[in-house]
Each structure stands twice: as structure tokens, then as C-alpha cells.
Amino acid sequence: MKQFILILFFIINSPVLATKKDSIYIPKYETQYTTLFKSEEFFCDACGCAAGNGSSGFESLLNPQFIGIKYFAQHYKAKENLFVNDLTQDQYFNTLQLWGKIPVTKKLSIYGSLPFQFHEKKTQQGDIKISGIGDASVMGIYEILKSKNTFHQLSGGLGVKIPIGKFGEKGITGVNPSFQLGTGSWDYQLALSYKFQKNIFALTLNTDYTIKTENKKHYQFGNQWNYAATGFYSLWRNENSIFSGKLGLQGEVYDWNKQFGEIMPRTAGSALYGKLGFEVSYKKISIGSELMLPTYTNLASGDIEAKSRFSLFVNFGL
């Protein structure tokens, strides 16, 4: 069944679909300075309360079409065990993610991502490492509103997370039950994005909500709400390339995890990050990086502390 889902996923997101020009909408790819302003992040699972870490978001949300690869790293401090008050355990969550966005009509696009996870936590008994494919995501993105002067744009999305990544029952017994490759559950995503753009400045406001269901092991990760505000400013540009900086805030709120329908204590939490980054493009190639540091962290009721996040991506316009 998993092999069938993987094959179906790649068929949906393959750029080969672009060869059927009579059945798919192929807009002209933008190469001017507006290209990199049209970006923001969604679905940023923190390991503290959510699980999988398979989707750190997708840049180029409003770009016509692209395929790319992204590296996303997270560092957390956690309690070594329930009987220790100090946060002594370093936990590292790393994701290498393939993603793409294919237009279906002028207003509707399909986004997809497939992550490969390699995580590590350092314990008194030795380092523990896990690696493998994470949960895939597929989402339909629809342009709800676009002003005539193109200053304002509103888009919404509906998506599903497919439980391809391995979920281990042993992992939920630790301080951080999200030390997993996947949630083991079918989860559903709702997203909304607003963009204001004028001249060399752009502002994006984004929010999304993930509804998480119970997996076959009767474990259910808590629902997750993300929100973000990011400003972009063009620092340099010419006819074919642009260099822009971005600065913003991103917040995450997590509900309680459940097992057999019972609330699991010390699993809810929230965090707020400041972020600073840049994006540079040349014709159809875009490269970007971002550093996120917490301004507030209370994950897993204080048992886990967010330390830092770093991302680097390369996108290719189709």
C-alpha cells in the first residue's frame, strides 16, 4: 500500500505533467524582482509537541510552478528523563525535503512534498539516531482574491498528510514523543495566506491549522496552529536577478497528545520565533536561507526548550 501511495504521489507532482499542455495550465514563470517576494512558510512542525518534522513549510507559495529541495535543521534541549529537572539532552531534527507546485488552472495549483528525516538525540546511555522517509503532504492551493493593482492577494489551501513515515511505540515513552519519522496518522491541513506588495516591499501574513487523527497504535498527536508575519525588501536587482532580505515572526501552538482517547500530560505547548533570512534568484533558479531563534518557548509544558532552526532551499522554475 505504501509503495502504491509513493508512486501515486510522484505521478501527481512530476513535472512530466507539464508536457500535456492541453490539460494543464502553464503560466509564464516570473523572473523579475516580484518572484522572491511571493514566498512564506507553512506547516512548521516543532518536535516539542507535534511529530514528524516532515514539512518545514514551503517557500514560493504563490509562484506559478517549481520543483526544489530544502534542508531544515532544528535544535532542542530536553529533560534527560522525567526525574531530572535540568534540560540536559540535546535533540537534533534534520529534514531533507523534495517539494513542488504544479498549476492546474489559472487559480488552482497542487503542492506536494516528500521528506527524508535523520534525527539524533544525545542521552547518558549514548546517542540515539533514526532515519528514513517521513510523511508526505499534498495540498490544493486556490487564489481567492487578487486586486486589480496586484497590491493585495489572498490564497487558501486544503491538504492531507499521508502516513508514509514510520511511527514507533517506543518513541512515545520518552520525554519527547515526537522523536519519530512520522505520526502514523492521516492528518488534514487548512491554510490561509495574505500578501501585500508594492514596489520593492512586500508583507505576508499566514496562518494554518493541522487536524491530527488517531493512528493504528491508538496514539494521537495534538492539533497544531501556526501563524507568521514576514516582511521582504529588495536590496539589489537587475533584469534577471534579485537579492532580497526578510525579517519576521512565527508562532506555533500545540494541543494535548492523546492515547486511547486519554490526554497525555506535559505534551501541549507553544513557541514564538524571530526569523531573519535572504533569498536570491537568477532567472528560474532561487536560493534562500533562514535562521530562526526563539523569543518565547514553552514546549511540552516546559520539558523541552527550542534553541534554533536553520533552513536552506534551492528551487527551479518549470
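Look a little higher up for the structure.
The paragraphs below set out a description of the structure included in this document. Quick caveat, the model's predicted, so the values are computed rather than measured. (Residues numbered from 1 in each chain as written. Predicted model: local features only at pLDDT ≥ 70, side-chain atom pairs only at ≥ 80, totals over all residues. Heavy atoms only, no water.)

## Structural notes on the nonpolar core
(1) Moving on: Residues Tyr76, Phe93, Ala271, Tyr273, Leu299, Ile304 and Ala306 are the most contacted members of the largest nonpolar core, which totals 13 residues.
(2) Moving on: Looking at this core, the elements that each hand over two or more residues are strand E1 (66–79), strand E14 (269–282) and strand E16 (304–317).
(3) Moving on: Once residues within four sequence positions are removed from consideration, Ala306 is found in contact with His75, Tyr76, Tyr273, Pro294, Thr297 and Leu299.
(4) Moving on: If you look at the next biggest cluster of nonpolar residues, it comprises seven residues, including Tyr111, Met139, Ala191 and Phe313. (Core = buried A, V, L, I, M, F, W, Y, C linked by side-chain atoms within 4.5 Å. Buried < 20%, exposed > 50% of the residue type's maximum accessible area, 1.4 Å probe, protein only. Helix = DSSP H or I, 4+ residues; strand = E, 2+ residues; numbered from the N terminus. Contact = heavy atoms within 4.5 Å.)

## Section: the sheet that holds strand E9 (residues 219–220)
(1) Moving on: On the basis of which strands lie adjacent, the open sheet formed by three strands has the order E9-E12-E13 and antiparallel pairing. Either end of the sheet is taken by a strand with one partner, and the two such strands are E9 and strand E13 (262–263).
(2) Moving on: Pairing of E9 with strand E12 (residues 258–259) involves two bridges; the strand directions are antiparallel. Its bridge partner lying in E12, Tyr219 is registered against Gln259. (Pairing = 2+ DSSP bridges.)

## Describing the pairing of strand E11 (residues 241–254)
(1) Moving on: Most of E11 is tucked away: ten of the 14 residues are buried.
(2) Moving on: As defined by bridge partners, strand E10 (residues 224–237) adjoins E11 across 13 bridges and the pair is classed as antiparallel. Within the sheet, the bridge partner assigned to Arg237 lies in E11 and is Ile242.
(3) Moving on: With antiparallel pairing between neighbouring strands as the criterion, E10 and E11 make up a hairpin whose turn holds three residues.
(4) Moving on: As paired strands, E11 and E14 are joined by 14 bridges and run antiparallel to one another. Of the residues in E14, the one forming a bridge with Gly248 is Lys275.

## A word on the pairing of strand E5 (residues 136–146)
(1) Moving on: Where strand E3 (residues 108–123) meets E5, six bridges bridge the pair, whose relative direction is antiparallel. Bridge pairing in E5 places Leu108 opposite Tyr142.
(2) Moving on: Looking at chain direction, E5 and strand E6 (residues 152–162) are connected through ten bridges and run antiparallel. Note that in E6 the partner of Val138 across the bridge is Val160.
(3) Moving on: Taken together, E5 and the strand that follows it, E6, pair antiparallel across an intervening segment of five residues, in which Thr150 is found at a positive phi of about 60°.

## Regarding the environment of Glu239
(1) Moving on: Mapping Glu239 onto the fold places it in the loop between E10 and E11.
(2) Moving on: On the basis of relative accessible area, Glu239 is assigned to the exposed category, the value being 60%.
(3) Moving on: Separated by 43 residues in sequence, Glu239 and Tyr282 have C-alpha atoms that sit 9.3 Å apart.

## Quick word on the environment of Thr105
(1) Moving on: Relative to the elements of secondary structure, Thr105 occurs in the loop between strand E2 (87–103) and E3.
(2) Moving on: Taking the relative accessible area as the measure of exposure, Thr105 reaches 36% and is therefore partly exposed.
(3) Moving on: Considered as a pair, Thr105 and Tyr142 are 37 residues apart in the sequence and their alpha carbons are 9.4 Å apart.
(4) Moving on: Engagement of the side chain of Thr105 in a polar contact is seen with the backbone nitrogen of Leu108, the distance being 3.0 Å. (Polar contact = N/O pair within 3.5 Å; in protein donor to acceptor, adjacent residues only side chain to side chain.)

## Here we look at unusual backbone geometry
(1) Moving on: Even without glycine at this site, His218 takes up a positive phi of about 65°.
(2) Moving on: The exposure class of His218 is partly exposed, given its relative accessible area of 35%.
(3) Moving on: Located in the positive-phi region is Lys283, a residue other than glycine, with phi close to 55°.
(4) Moving on: By relative accessible area, Lys283 is classed as partly exposed at 41%.

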